[in-house]
Amino acid sequence: MKTDNQRNAEFKNLLVTGGCGFIGSNFIRFLINNSNFSGRIINVDSLTYAGNPENLEDIAGNFSPRYIFQKADICNAGKLEAIFSQYDIDAICHFAAESHVDRSIKTPGDFIQTNIVGTFNLLEAAKSRGDQFKLFHHVSTDEVYGSLGSEGLFREDTPYRPSSPYSASKAASDHLARAYHKTFALPVTISNCSNNYGSYQFPEKLIPLIVLNALEGKQLPVYGDGKNVRDWLYVVDHCEAIWTIMQSGRIGETYNIGGNAEMENIAIVRLICDILDEIRPAADNAPRRHLITFVKDRPGHDLRYAIDFTKIKNELGWSPRESFQSGLRKTVEWYLNQNQWVENIKTGAYQTWIKEQYGS
Ligand code: NAD
Ligand code: DAU
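Rules behind the numbers
Counting restarts for each chain: residues are numbered from 1 in the order of the written sequence. Chain labels run from A onward and ligand labels from 1 onward, assigned in the order the entries are written. It should be noted that, the model being predicted, local features are given only for residues of pLDDT at least 70 and side-chain atom pairs only at 80 or more, the latter also being counted only at that level, while totals for whole chains, interfaces and linings use all residues. Hydrogens are left out, water is left out, and the side-chain values use all remaining heavy atoms of the structure. Only the stretch in contact is used when a helix axis is fitted, and all axes are lines through C-alpha atoms; the angle between N-to-C directions ranges over 0 to 180 degrees. Secondary structure elements follow DSSP: runs of H or I of four or more residues count as helices, runs of E of two or more count as strands, with numbering from the N terminus. Orientation is classified from the angle alone, with under 35 degrees giving roughly parallel, over 145 giving roughly antiparallel, 65 to 115 giving roughly perpendicular, and any other angle giving oblique. In a left-handed crossing the near helix is turned counterclockwise from the far helix by less than a right angle, and in a right-handed crossing that turn is clockwise. Any two residues whose heavy atoms approach within 4.5 Å are treated as being in contact. Lys, Arg, Asp and Glu make up the charged group, whereas Ala, Val, Leu, Ile, Met, Phe, Trp, Tyr, Cys and Pro make up the nonpolar group; the residues left over, Gly among them, are polar. Distances are taken per atom, and a residue is near a molecule or strand as soon as one of its heavy atoms is within 4 Å of it. In the analysis that follows, any N or O atom pair within 3.5 Å is treated as a polar contact, provided that within protein one partner can donate a hydrogen and the other can accept it, and provided that, for residues neighboring in sequence, both atoms belong to side chains. Computed by Shrake-Rupley with a 1.4 Å probe, the accessible areas treat only the displayed protein chains as cover when residues are assessed. The cut-offs for exposure are 20% and 50% of the maximum accessible area for each residue type, with area from a 1.4 Å probe on protein chains only; residues under the lower value are buried, those over the upper are exposed, and the others partly exposed. Pairing between strands is defined by DSSP: at least two bridges between them are needed. Every crossover in which the path from the first strand over the helix to the second runs clockwise, viewed with the strands pointing away from the viewer, is termed right-handed.

Caption draft 1: Just the packing of helix α9 (residues 265-279) against helix α11 (residues 324-336), in detail. Viewed as axis vectors pointing N to C, α9 and α11 meet at an angle of 55°, and their least axial separation amounts to 11 Å. Here α9 is positioned oblique relative to α11, judged by the angle of their axes. Here α9 runs over α11; the crossing is right-handed. Residues I268, L271, I272, I275, L276, E278 and I279 of α9 form the contact with α11, whose own contacting residues are F324, Q325, L328, R329, V332, E333 and L336. Of the residues that constitute the contact of α9 with α11, the class distribution is ten nonpolar, one polar and three charged.

See the structure below:
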């Protein structure tokens, strides 16, 4: 369903930041294989530990020069300006971020730099393009809203109450994006999404960490009592939601994106154990649930996230397609079939390759 004040945007040169990460690489693959987008994609990524060019090997090899990779740090304003003018950028989908809550507790400074200063630099670069600039889509998180109790859902008008340095830095970047729309009329849309899962997720996040640890017979660390709840969304559904907003979302608006799949962490860990026991039984046939280990809780651990996605559903007609049960099974199977990708991450070979290709 579309209303009068929505528009269909046509972008010629779309800058995707953080395209070598988990969601960014899935988004670029979605754009090329499953969308009506026909312009150029310029992927700007500084290749931190979370950025892996292997995530886009199929695309880089087959879609040049429609797909272009530029290794660059969004904290480097001068480099961004040069990329904007070299490629005549007219739209941005901004994923690049430090994304892991546990790391933000240990090294918050990186989060302030990339998530706040980097976003500011991109907004400035977009503003300097003037009228030819069509859209800045800012990809954000439901964590900006803080924690829910056992009841209720996050809506777009839920007040911001971030708990971690990660979510506080994302909240700051949302405010900047909104301010650039209000003050400078920059065409901005924002999305706040729940927990994603699927292929190419770095194995520090709950689902891939548990899959890979379980395969190796290692402990499966569950924080606190395991009763924290997240609302899980299959990554391809997230990509489709973002593209839907970029095409027909109202400028200046925020859209919440969720999976309608609330799960306690402990239930997910048990499900993964059971799927693995069924399709790849342990050598001794012992059930993987024995590996579950309750460990010290994450400081400031939010209890529950859950999204009300009525706005994007009613205005733009988007709803998640994948069920959690089938999406989780697909994801487990994907990790089982990616021996080389997993090995390159475990041994650090992907970072050695990056150094050889691009220098330090
Ligand atoms: P990720 O950590 O997998 O990928 C981040 C990417 O950004 C990496 O490729 C990294 O190299 C790049 N990057 C980091 N710092 C950079 C810098 N200074 N300059 C250029 N590139 C840089 O993250 P993800 O899980 O794919 O998340 C992508 C975006 O989606 C983030 O903005 C995150 O806040 C948001 N988000 C994630 C989730 C989730 O569940 N993963 C949910 C909602 C929103
Ligand atoms: O809600 C959206 C957010 O989801 C995104 O903005 C973040 O970028 C993304 O990392 C994710 O944040 P979480 O902190 O929810 O994801 P993570 O996979 O780290 O943890 C999921 C839940 O599992 C959380 O309650 C903490 C718990 N956990 C996590 C790890 C890594 C464990 O119990 N054990 C673990 O080893």
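Don't stop here, the text continues.
Caption draft 2: Representation of the site of ligand 2 in the model. Of all residues adjacent to ligand 2, which total 23 residues, the nearest are T141, D142, Y166, R298 and H301. Y166 is positioned with one of its side-chain polar atoms (N or O) 2.6 Å from an oxygen atom of ligand 2. Between ligand 2 and P221 there is a distance of 2.9 Å, counted from a nitrogen atom to a backbone nitrogen or oxygen. Burial of ligand 2 by the protein amounts to 94% of the accessible area it has alone, namely 690 Å². Broken down by secondary-structure element, the contributors of at least two residues to the shell around ligand 2 are α7 (206-215) and β8 (220-223). Take the shell around ligand 2: its biggest share by element is three residues, from β8. Taken together, the residues of the shell around ligand 2 break down into nine nonpolar, eight polar and six charged.

Caption draft 3: Spotlight on the environment of S173. Mapped onto the fold, S173 is located in helix α6 (residues 165-184). Each C-alpha atom of the pair S173 and I275 lies 38 Å from the other, and the pair is 102 residues apart in sequence. Contact partners of S173, with chain neighbours within four places excluded, come to N115, T119 and H138.

Caption draft 4: Broad picture of the pairing of strand β9 (residues 229-234). Of all six residues making up β9, six are buried, and the element is well covered by its neighbours. Neither face of β9 is open: one carries V229, D231 and L233, the other R230, W232 and Y234, and all of them are buried. As paired elements, strand β7 (residues 195-197) and β9 share three bridges and run parallel to each other. Residue pairing for β9: N195 is matched across the bridge by W232.

Caption draft 5: Just the pairing of strand β6 (residues 188-193), in detail. Summarising burial for β6: six of the six residues are buried, a large majority. With six bridges connecting them, strand β5 (residues 135-141) and β6 associate as parallel partners. Bridge assignment links H138 to a residue of β6, and that residue is I190. With respect to chirality, the unit in which β5 leads through α6 into the neighbouring parallel β6 is right-handed. The pairing of β6 with strand β10 (residues 254-257) spans four bridges and is classified as parallel. Of the residues in β10, the one forming a bridge with C193 is I257.

From the geometry alone we can't say anything about function, so treat these as descriptive.
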